[in-house]
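So you can see what is in the structure, the chains are spelled out below.
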There are 2 protein chains.
Amino acid sequence: MSDFPETDRNRIHRIPARGSYDRETVYQIIDEALVCHVGFAREGQPFTIPMLHARRDDTLYLHGARGSRLFGHLREGSPVCVSIALLDGIVFARSAYHHSMNYRSVVLFGEGREVETEEEKERALEILMEHVAPGRWREVRRPSPAELAATSVAAIRIQSASAKLRSGPPVDDEADFGLPVWAGELPLRQAALTPQPDPESRQELPVPGYLAAYRRPFLTVDRNP
Amino acid sequence: MSDFPETDRNRIHRIPARGSYDRETVYQIIDEALVCHVGFAREGQPFTIPMLHARRDDTLYLHGARGSRLFGHLREGSPVCVSIALLDGIVFARSAYHHSMNYRSVVLFGEGREVETEEEKERALEILMEHVAPGRWREVRRPSPAELAATSVAAIRIQSASAKLRSGPPVDDEADFGLPVWAGELPLRQAALTPQPDPESRQELPVPGYLAAYRRPFLTVDRNP
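Just so we're clear, the structure is a prediction, and the values are computed from it rather than from any experiment. (Residues numbered from 1 in each chain as written. Chains lettered and ligands numbered in written order. Predicted model: local features only at pLDDT ≥ 70, side-chain atom pairs only at ≥ 80, totals over all residues. Heavy atoms only, no water.)

## Let's talk about the overall build of chain A
Applied cut-off: Helix and strand definitions here come from DSSP, where helices need a minimum of 4 consecutive H or I residues and strands a minimum of 2 consecutive E residues; each element is numbered from the N-terminal end. Burial classification: accessible surface area is computed with a 1.4 Å probe over protein chains only, and a residue below 20% of its type maximum counts as buried, one above 50% as exposed, and the rest as partly exposed. Surface accessibility follows the Shrake-Rupley procedure with a 1.4 Å probe radius. Residue values consider only the protein chains on display as shielding. Under this rule, positive means Lys or Arg and negative means Asp or Glu; His and the chain ends count for nothing. By convention, charge coordinates are those of NZ in Lys, CZ in Arg, CG in Asp, or CD in Glu.
A tally of helices and strands in chain A yields five helices and eleven strands. Projecting the C-alpha coordinates of chain A onto the three principal axes gives extents of approximately 70 × 50 × 35 Å. Out of the 225 residues belonging to chain A, those deemed buried represent 56%. Summed over its atoms, the accessible surface of chain A is roughly 9,600 Å², and 49% of this surface lies on carbon and sulfur atoms. Here chain A carries 28 positive and 32 negative side-chain charges, and the mean point of each set is 1 Å from the other.

## Notes on the pattern of salt bridges
Convention followed: Just to be clear on terms, a salt bridge is a Lys or Arg side-chain nitrogen sitting within 4 Å of an Asp or Glu carboxyl oxygen.
In this structure the tally under the stated criterion is 30 salt bridges over all chains. Across the pair A:R113 and A:E120 runs a salt bridge, and its minimum N-O distance is 2.8 Å. For A:R113, a relative accessible area of 39% translates into the label partly exposed. It is possible to trace a salt-bridge network through shared partners that takes in A:R141, A:E147, B:D173 and B:D176.

## Things to note about the side chain of A:D176
Put simply, the test is: Pairs of N or O atoms are called polar contacts if they sit within 3.5 Å, as long as, within protein, a hydrogen donor faces a hydrogen acceptor (for residues adjacent in sequence, only side-chain-to-side-chain pairs). Every residue pair with non-hydrogen atoms within 4.5 Å of one another is taken to be in contact.
Checked against the element boundaries, A:D176 lands in the loop between β8 (151–166) and β9 (184–192). There is a polar contact of 2.8 Å between the side chain of A:D176 and the side chain of B:R141. When residues no more than four places from it in sequence are discounted, the contact partners of A:D176 are A:R94, A:S95 and B:R141.

## Describing the interface of chain B and chain A
Condition: Gly falls in the polar group here, along with every residue not listed as nonpolar (Ala, Val, Leu, Ile, Met, Phe, Trp, Tyr, Cys, Pro) or charged (Asp, Glu, Lys, Arg). Note on pairing: DSSP must find at least two bridges between two strands before they are called paired.
Contact residues are listed per partner, giving 97 residues for chain B and 97 residues for chain A. Counting every contact that joins chain B to chain A gives eight salt bridges. With a shortest N-O distance of 2.8 Å, B:R141 and A:D176 are connected by a salt bridge. Between the two partners, chain B and chain A, sit 36 residue pairs in polar contact (both at pLDDT 80 or more). Considering only residue class, the side of chain B that touches chain A consists of 57 nonpolar, 20 polar and 20 charged. Looking at chain direction, β9(A) and strand β10 (residues 196–197) of chain B are connected through two bridges and run antiparallel. From the neighbouring strand, A:E185 faces β10(B), where its bridge partner is B:Q196.

## Overview of helix α3 (residues 118–132) of chain B
Heads up, the condition is: The span you would expect from a helix comes to 1.5 Å times its residue count less one.
Taking 1.5 Å as the rise per residue, α3(B) with 15 residues should run 21 Å; its terminal C-alpha atoms sit 21 Å apart, in good agreement. Within α3(B), the full set of buried residues consists of B:K121, B:A124, B:L125, B:I127, B:L128, B:M129, B:H131 and B:V132.

## A closer look at the packing of aromatic side chains
To keep it simple, the criterion reads: Any two of the Phe, Tyr and Trp rings considered here, Trp counted by its six-membered ring, make a pair once their centres fall within 6.5 Å; the pair's planes then place it as stacked at under 30 degrees, edge-to-face at over 60, or tilted in between. Think of it as a cone above the ring: NZ of Lys or CZ of Arg counts as a charge over the ring if it is within 6 Å of the ring centre and within 35 degrees of the ring normal.
Evaluation of the coordinates by the stated rule reveals six aromatic pairs over all chains. Here A:F4 and A:Y27 contribute two aromatic rings whose centre-to-centre distance is 6.0 Å and whose plane-to-plane angle is 75°, an arrangement assigned as edge-to-face. Taken together, the residues span a long stretch of sequence, with A:F4 in the segment before β1 (19–20) and A:Y27 in helix α1 (residues 23–32) at a distance of 23 residues. By the burial criterion, A:F4 is buried, and A:Y27 matches it. Each ring, one from A:F109 and one from B:F47, has its centre 5.6 Å from the other, and the planes form 75°; the classification is edge-to-face. Placement of A:F109 in strand β7 (residues 100–114) and of B:F47 in strand β3 (residues 45–51) is noted, with the two residues assigned to different chains. Positioned over the ring face of A:F4 is A:R23, at 4.1 Å from the centre of the ring. The residue whose ring lies beneath B:R202 is A:F177, and the NZ or CZ to ring-centre distance is 4.1 Å.

## Notes on the relation of the copies chain B and chain A
Quick reminder of the rule: Overlaid copies result from least-squares superposition on C-alpha atoms, with residues included only where pLDDT is at least 70 in both.
For the pair chain B and chain A, the best superposition has an RMSD of 0.0 Å and corresponds to a rotation of 180° with a translation of 0.0 Å parallel to the axis. Accordingly, the operation relating the two chain copies is best matched by a two-fold axis. Identified as the residue of chain B closest to the rotation axis by C-alpha distance is B:Q190, at 2.3 Å. When the interface residues of chain B are mapped onto chain A, 100% of them again fall at the interface, so both copies present the same face.

## Brief notes about the pairing of strand β9 (residues 184–192) of chain B
Among the nine residues that make up β9(B), seven are buried, leaving the element largely enclosed by the rest of the structure. Looking at chain direction, β9(A) and β9(B) are connected through five bridges and run antiparallel. Looking across to β9(B), one finds that A:R189 is bridged to B:A191. Relative to β9(B), strand β6 (residues 79–92) of chain B is paired through four bridges, and the arrangement is antiparallel. Across the sheet, the residue bridging to B:F92 is B:G184, located in β9(B).

## Description of the nonpolar core
Selection rule: In this text, buried Ala, Val, Leu, Ile, Met, Phe, Trp, Tyr and Cys residues form a nonpolar core when linked through side-chain atoms within 4.5 Å.
Counting 32 residues, the largest nonpolar core has A:L34, A:Y61, A:Y214, B:I90, B:L186 and B:L188 as the members making the most contacts within it. Secondary structure elements with two or more residues in this core: α3 (118–132), β8 and α5 (209–212) of chain A together with β6, β7 (100–114) and β9 of chain B. Examining the composition of this core, we find that six residues originate from one element, α3(A), more than from any other. Setting aside residues up to four positions removed in sequence, A:L34 forms contacts with A:M51, A:L52, A:H53, A:H131, A:V132, A:Y214, A:R216, A:F218, B:L87, B:I90, B:M101 and B:L188.

## Examining unusual backbone geometry
The phi dihedral of A:D57 is positive, around 55°, even though this residue is not glycine. Looking at the secondary structure, you find A:D57 in the loop between β4 (53–56) and β5 (59–65).

## Here we look at the side chain of B:R55
Within the element layout of this structure, B:R55 appears in strand β4 (residues 53–56). One polar contact links the side chain of B:R55 to the main-chain carbonyl oxygen of B:D57, over a distance of 2.7 Å.

## Remarks on α1(A)
With respect to burial, α1(A) is a largely interior element, seven of its ten residues being buried. Residues of α1(A) that are buried: A:R23, A:T25, A:V26, A:Y27, A:I29, A:I30 and A:E32.

## What to know about the confidence of the model for chain A
Residues and elements named next belong to chain A. Threshold: A residue's pLDDT is simply how confident the predictor is in it, with values from 0 to 100.
In the predicted model, chain A carries a mean pLDDT of 91, and the fraction of residues at 70 or more is 96%. Ranking the elements of chain A by mean pLDDT puts strand β11 (residues 219–220) last with 73 and strand β6 (residues 79–92) first with 97. Reported confidences for the modelled complex are a pTM of 0.94 and an ipTM of 0.93.

Right under this line is the structure:
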């Protein structure tokens with residue numbers, strides 16, 4: 001896959017050594033995340049909204065509701081910016097100054113459109129569901145025409161993007177190594193707990209395999225919430 | 001604490017029953033999150049950037065780097081929008097249409113300024129560090145004047161905000177209850193793994209109590225990454 005061209009819009013200004021324009025790196029971060037933050041502007045006023053997303057090739061699908069402010073904006077073909085952050089750990093240094101986070105983040109730019117045809121909309125909903133739980137789509141009741149009509153899906157063509165990543169231990173000043181301060185990393189992961197069946201269920205059904213060992217790569221933790 | 005006034009800017013358009021303008025609800029979500037997404041616009045082009053934050057009263061502090069695009073924007077007193085999302089679970093319904101997420105999210109609006117005095121900057125850095133790890137600030141080496149000068153801190157006065165929350169099992173159509181599809185919730189939590197000491201450490205120090213049982217309320221999982 002080709003790199004994203006480095007332009008004024010997607011350039012990493014701070015600590016460029018942590019930056020990447022590599023398309024595969026950017027797409028892996030997008031694909032692992034369950035939530036993205038969509039930014040747009042109306043008459044100079046910025047808005048940022050958390051949303052569910054899924055990617056296929058160079059298109060990011062967003063799932064929203066007919067009549068929302070964002071979808072009105074997208075219909076006009078206005079620019080959007082989407083950010084995603086996966087937290088991998090907290091970095092504890094001996095000095096306040098060298099504390100940091102380990103993370104993988106993406107900022108991408110594009111212009112959206114509303115998905116119009118029933119066919120493309122259903123396909124996008126399948127992509128969104130398979131992003132969350134691969135294997136789920138073929139088991140569930142598919143959307144009726146009325147449900148499809150009540151759903152809005154936006155497609156953003158990814159024009160430009162960059163990733164920023166940090167990993168590893170703290171980097172302290174040589175003079176601080178003698179301080180009696182614990183230093184290191186507290187690793188963080190998203191964890192999936194034991195699936196909780198709907199209490200309204202009228203039949204007992206086994207937990208599907210894709211939920212019993214849910215991986216994103218999340219941890220699976222055997223504990224009730 | 002008083003509610004945020006409901007205005008055109010912070011109004012919940014979609015599923016208003018999930019919305020809240022209650023200041024305490026909004027602030028609890030801000031205080032639990034480790035990352036926020038800061039949106040701003042320059043000449044109609046939106047930007048969204050993941051950042052570390054901490055709140056004190058009605059002020060949100062952001063920690064960044066001198067010379068960044070965001071800080072140039074804040075210095076001009078331009079409007080910003082900040083979004084935060086905590087994922088609590090994935091909601092699996094019998095129909096594709098009723099799938100959902102359990103979450104607690106916040107969208108807030110304000111105008112920023114750069115923190116100028118050394119005194120307020122150091123105080124803001126303390127607030128940011130104590131947000132991540134309460135108890136840490138009094139153990140570490142404090143920033144030197146040169147380090148303070150190399151750090152930028154923004155203060156955003158929270159003018160307006162709203163929260164959106166969903167919890168609980170799926171809500172399926174009555175006609176779908178007979179389908180042989182597992183339905184329920186997959187609970188998600190952020191988990192903190194075993195702290196990893198800096199391999200460059202020249203002395204063995206015990207893991208501080210605030211890291212050995214790190215709670216946000218994250219899970220603490222006894223597993224190496």
